[in-house]
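Residue strings, one per chain:
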Amino acid sequence: MCVSLTGHQARERPALGLSTFLPRTPIFVENNPETRKETWVLHSMVNSVERPPTTPSGSQLILRCKDFRVFQILIPQERDCLDVHASLVRLSRPGVYVYLCVV
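Residues numbered from 1 in each chain as written. Predicted model: local features only at pLDDT ≥ 70, side-chain atom pairs only at ≥ 80, totals over all residues. Heavy atoms only, no water.

> Before we move on, could you go through the nonpolar core and cite the residues and values that matter?
Membership of the largest hydrophobic core is limited to 12 residues, which are V41, V46, V49, L61, L63, C65, F71, I73, I75, C81, V84 and L88. At the level of secondary structure, the elements contributing two or more residues to this core comprise strand 5 (46–50), strand 6 (59–65), strand 7 (70–75) and helix 1 (78–92). (Core = buried A, V, L, I, M, F, W, Y, C linked by side-chain atoms within 4.5 Å. Buried < 20%, exposed > 50% of the residue type's maximum accessible area, 1.4 Å probe, protein only. Helix = DSSP H or I, 4+ residues; strand = E, 2+ residues; numbered from the N terminus.)

Here is the structure:
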């Protein structure tokens, strides 16, 4: 899914890239061919997932981590944002840890 990542580093411009949400970690890979930087966040490190109101540019998710990092992800489609939000909430606070295992 093509998204925009902001707020992951102080004084950095928003980064456009691809986001993949795996059972153990969400991954963001920047589109910039010079850096191709990857950002990984373990689900167990996610403290909260917030979904502010939708804007004309898309739906935003704010991930607040237990190590005080904050990631703001802008997802163009609201339905995709709702799906990602539900998955991140479920995986960051699993009722049964079997849900985190890859089959």
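Here the narrative resumes, following the displayed structure.
> Would you mind going over the pairing of strand 7 in detail, with residue names and values included?
Alternating positions in strand 7 separate cleanly, F71, I73 and I75 being buried on one face and V70, Q72 and L74 remaining unburied on the opposite face. From the end of strand 6 to the start of strand 7, which pair antiparallel, there are four residues, and F68 there has a positive phi angle of about 70 degrees. (Pairing = 2+ DSSP bridges.)

> Describe helix 1, listing the residues and the values that go with them.
Between its first and last C-alpha atoms helix 1 spans 21 Å; for 15 residues at 1.5 Å apiece the expected length is 21 Å, and the two agree. Of all the residues in helix 1, the buried ones are C81, V84, L88, L91 and S92. All buried residues of helix 1 project into a common sector of 110 degrees when viewed along the axis, lining one side. (Expected span 1.5 Å × (residues − 1). Arc of directions from axis to C-beta.)

> Account for the environment of P56, with residues named and values stated.
Position of P56 among the secondary structure elements: in the loop between strand 5 and strand 6. Each C-alpha atom of the pair P56 and P76 lies 8.9 Å from the other, and the pair is 20 residues apart in sequence.

Note that all results are geometric; they support no functional claim without further evidence.
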